[in-house]
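In case you want the letters, here they are:
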Amino acid sequence: MSDHGPVADVNALRGSAADVDLVIVGAGFAGLYMLHRARGLGLTARVFEAGTDVGGTWYWNRYPGARCDTESVEYSYSFDHDLQQEWEWSERYATQPEILRYASHVADRFELRRDITFSTRVVSARFGEASTTWSITTDAGETVAARFVVLATGSLSSTNRPDIDGLDGYTGRVLHTGEWPHEPVSFTGERVAVIGTGSSGIQSIPLIAEQAERLTVFQRTPNYAIPAHNRPLDPDDVAAIKARYDEFRAANRRMTAAFGSRLPGNDVPTLAVDDEERRTMLDRRWEHGGLPFLGAFNDILLDPAANEVVAEYVRDRIRSIVDDPAVADALAPTNRIGCKRLCVDTDYYATFNRSNVELVDVNDEPIERFTTTGIVVGGVEREFDSVVLATGFDAMTGSVLKIDIRGRDGCELREVWAHGPRTYLGLQVPGFPNLFTVNGPGSPSVLTNMIVSIEHHVDWISDALAHLDRSGAGSIEATVEATDHWVSIVNAIADFTIFPSCNSWYLGANVPGKPRQFMPFLGFPAYTDQVADITADAYRGFEFHPVHPDTG
Ligand code: N01
């Protein structure tokens, strides 16, 4: 149960060396809610945010076509009754500008901005054992002492810029989807290249193609995309959801990805039905659109044979949409469906029927280099006015490890995670007392509706802080044993699935040199049940240390 009440006697227990109770890194959905909860506990907090405003992912990813792939009535906070009743989404899948307006509305509504320092990056965090405080420094030269640090840094926030020869010397415009300019970008009359065909490429390519004189898409690995069938929201449907919003949220919290309770997964193995029934089921999911496609059967992510049948259905769809058979073949993925994050599209495959769009396969023959005016593949140079890097992120660990974090005895997080991230429940790392990750590696995070997981983590952290202060302890820290065990569970579960079979960002495989380790925890809502069980069992696997004598 969440305790939203203020913590008694917190001031008496607070370390004298601390300027604030909490430093929160990031003002996306996690940071905003963490700040709100901290205030509710009577704790003081400061948030540092690199952007000039709130929104996190939705602040940075302003590329054309950017939209959420979770439906808007589900991808939104549930913590405040009036907020969820009063806010009105306009479309089934909200656009980036609308989600950003929502984040901004939340910041205003709960008067959060006064504790947020914008345009400021946290560069280091050092734990002082004697004072049981963290010393946090920023790129503006400020140092703040805090009892707790919450890394609300986002799972997909640190962009992955490919190391291609000559890129720095290219004189045309270079844009990264994850760091898109704030001013309008026009491609009208331009020769444009897009490198990358993950979700960001797949969303932006159709819109760039409409503007550009010529668009060349450099594809290394084709991806599966399911149509979004986006549409304006029906006011009657919204009213029906709002009439029982809490029930709707609760049902989603019991779904395997924390959304989709209106179309639950079909609990039948793929090969247990005949061809006709299978096709009917897949057609129905295709017409419904979006990520619930993978819920057509219960073993798509587990059984390679089942996966292949479903993958072939999507390949057939691609072949039926794309006019040129050679292009259709090149766009048809061969890896297992769902192994890389499934994409949700609007007119992606049909875009390749346009006469101004060319697909260049760079799987067998990688991009050789940039010249000052273009890109060379297979000895052939193509010239471009603009290049869009839709090359993704150093996911889940990148934004955390950008900060120089040193815990007990000066141990460096970069060292501790040198062979892959190690956390207990995706919430804490041994050796780093009072430091928390939100949706950290080892939690279901990116495999779920992120806002549901954010609320879960922030509520847990808030309850842990309240518990700590009530019990008079100075710090909470995951144990090495519990962490080792958890990391082995995360990997063992992944090994039962098709996830390790391709080079996805879930495995860190998209970033050269990054250790290959499956980072998210597979198993929602079992994860939340387990966390509840651990918490009820006196925070099994966490240790509470007394306030250091020097602090008291
Ligand atoms: O990044 P990605 P993304 N030469 O890593 C290619 C979320 N998201 O920004 O697959 C040539 O998926 C790379 O090729 P390969 C969502 O969770 C959500 O698109 O490594 N190509 C790949 O095609 C998503 O999964 C939404 O062979 C190179 C592409 O770049 C996650 O963010 C919208 C290359 C990167 O794809 C990341 O998506 C957008 C090189 N040197 C994003 N380097 C929604 O809510 C990389 N690539 C809908």
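You'll find the structure just up there.
Attention in this report is confined to the structure presented alongside it. Quantities reported herein were computed from a predicted structural model and do not represent experimental measurements.

Quick notes on the rules
- Residues numbered from 1 in each chain as written.
- Predicted model: local features only at pLDDT ≥ 70, side-chain atom pairs only at ≥ 80, totals over all residues.
- Heavy atoms only, no water.
- Disulfide = S-S within 2.5 Å.
- Helix = DSSP H or I, 4+ residues; strand = E, 2+ residues; numbered from the N terminus.
- Buried < 20%, exposed > 50% of the residue type's maximum accessible area, 1.4 Å probe, protein only.
- Polar contact = N/O pair within 3.5 Å; in protein donor to acceptor, adjacent residues only side chain to side chain.
- Pairing = 2+ DSSP bridges.
- Right-handed = clockwise from strand over helix to strand, strands pointing away.
- Near = heavy atom within 4 Å.
- Nonpolar A, V, L, I, M, F, W, Y, C, P; charged D, E, K, R; others polar.
- Domains from an automatic or database assignment.
- Salt bridge = Lys/Arg side-chain N within 4 Å of Asp/Glu carboxyl O.
- Axes fitted to C-alpha atoms, helices over the stretch in contact; angles between N-to-C directions.

1. Topic: the state of the cysteines
- Counted according to the given criterion, the structure contains one disulfide.
- Bridging cysteine 339 to cysteine 502, the disulfide has an S-S length of 2.1 Å. Negative torsions about the S-S bond denote left-handed disulfides, and the value of about -110° found for cysteine 339 with cysteine 502 makes this one left-handed. Taken together, the positions of cysteine 339 in the loop between α11 (325–331) and β11 (343–345) and cysteine 502 in the loop between α15 (480–495) and α16 (526–536) put the pair 163 residues apart, joining distant regions of the chain. For the pair cysteine 339 and cysteine 502, a shared accessibility class is recorded, and that class is buried.
- Between cysteine 68, a cysteine without a disulfide, and cysteine 343, which holds the nearest cysteine sulfur, the sulfur-to-sulfur distance is 13 Å.
- Looking at cysteine 343, it has no disulfide partner, and the nearest cysteine sulfur is the one in cysteine 502, 12 Å off.

2. Side note on unusual backbone geometry
- Proline 525 follows phenylalanine 524 through a cis peptide bond whose omega is 10°.
- Mapping proline 525 onto the fold places it in the loop between α15 and α16.
- Although it is not a glycine, histidine 229 adopts a positive phi angle of roughly 45°.
- Looking at where histidine 229 falls in the secondary structure, it is placed in the loop between β10 (225–227) and α7 (235–243).

3. Observations concerning the environment of glutamate 129
- Relative to the elements of secondary structure, glutamate 129 occurs in the loop between β4 (122–128) and β5 (133–138).
- The class for glutamate 129 is partly exposed, based on a relative accessible area of 31%.
- When the C-alpha positions of glutamate 129 and glutamate 74 are compared, they lie 42 Å apart, and in sequence the two are 55 residues distant.
- In terms of polar contacts, glutamate 129 uses its side chain to reach the side chain of arginine 408, at 2.9 Å.

4. Comments concerning the pairing of strand β9 (residues 214–219)
- Judged by how many residues are buried, β9 sits mostly within the fold: five of six residues are covered.
- The pairing of strand β8 (residues 191–195) with β9 spans five bridges and is parallel. Considered in β9, the bridge of valine 192 is made with leucine 215.
- Where the polypeptide runs from β8 across helix α6 (residues 199–211) and back to β9, its parallel neighbour, the crossover connection is right-handed.
- As defined by bridge partners, β9 adjoins strand β12 (residues 357–361) across five bridges and the pair is classed as parallel. Note that in β12 the partner of threonine 216 across the bridge is glutamate 358.

5. Observations regarding the site of the ligand
- With respect to spatial proximity, 22 residues lie near the ligand, and among them Ser200, Arg220, Thr221, Lys340 and Trp505 are the closest.
- Between an oxygen atom of the ligand and a side-chain N or O atom of serine 200, the distance comes to 2.6 Å.
- Measuring from an oxygen atom of the ligand, one finds a backbone N or O atom of alanine 390 at 3.3 Å.
- At three residues, the largest contribution of residues to the shell around the ligand is made by α6.
- Taken together, the residues of the shell around the ligand break down into eight nonpolar, nine polar and five charged.
- Each of domain 1 (10–158 + 394–546) and domain 2 (167–389) accounts for three or more of the residues forming the shell around the ligand.

6. A few points about the sheet that holds strand β13 (residues 369–370)
- Read across the open sheet, the three strands follow the order β13-β14-β15; overall the sheet is antiparallel. Every interior strand has two partners, whereas the edge strands, β13 and β15 (380–383), have only one.
- Here β13 pairs with strand β14 (residues 374–377) via two bridges, running antiparallel. Paired with phenylalanine 370 across the two strands is isoleucine 375, which belongs to β14.

7. Thoughts on the pattern of salt bridges
- Using the criterion set out here, one finds 38 salt bridges in the structure.
- Of the charged contacts in the structure, one is a salt bridge between arginine 319 and aspartate 329, with a shortest N-O distance of 3.7 Å. Of this pair, arginine 319 sits in helix α10 (residues 304–321) while aspartate 329 is found in helix α11, placing the two residues 10 residues apart along the sequence.
- Salt bridges linked by common partners bring Glu308, Glu312, Arg315, Asp316, Arg319 and Asp329 together as one network.

8. Quick notes on the sheet that holds β12
- A sheet is described by the order of its strands in space; here five strands give the open sequence β7-β16-β8-β9-β12, paired in parallel fashion. Two strands in the sheet have a free side with no partner beyond their single neighbour: β7 (173–176) and β12. Strand after strand, the sheet turns through a mean of 20° between neighbouring axes, direction not considered.

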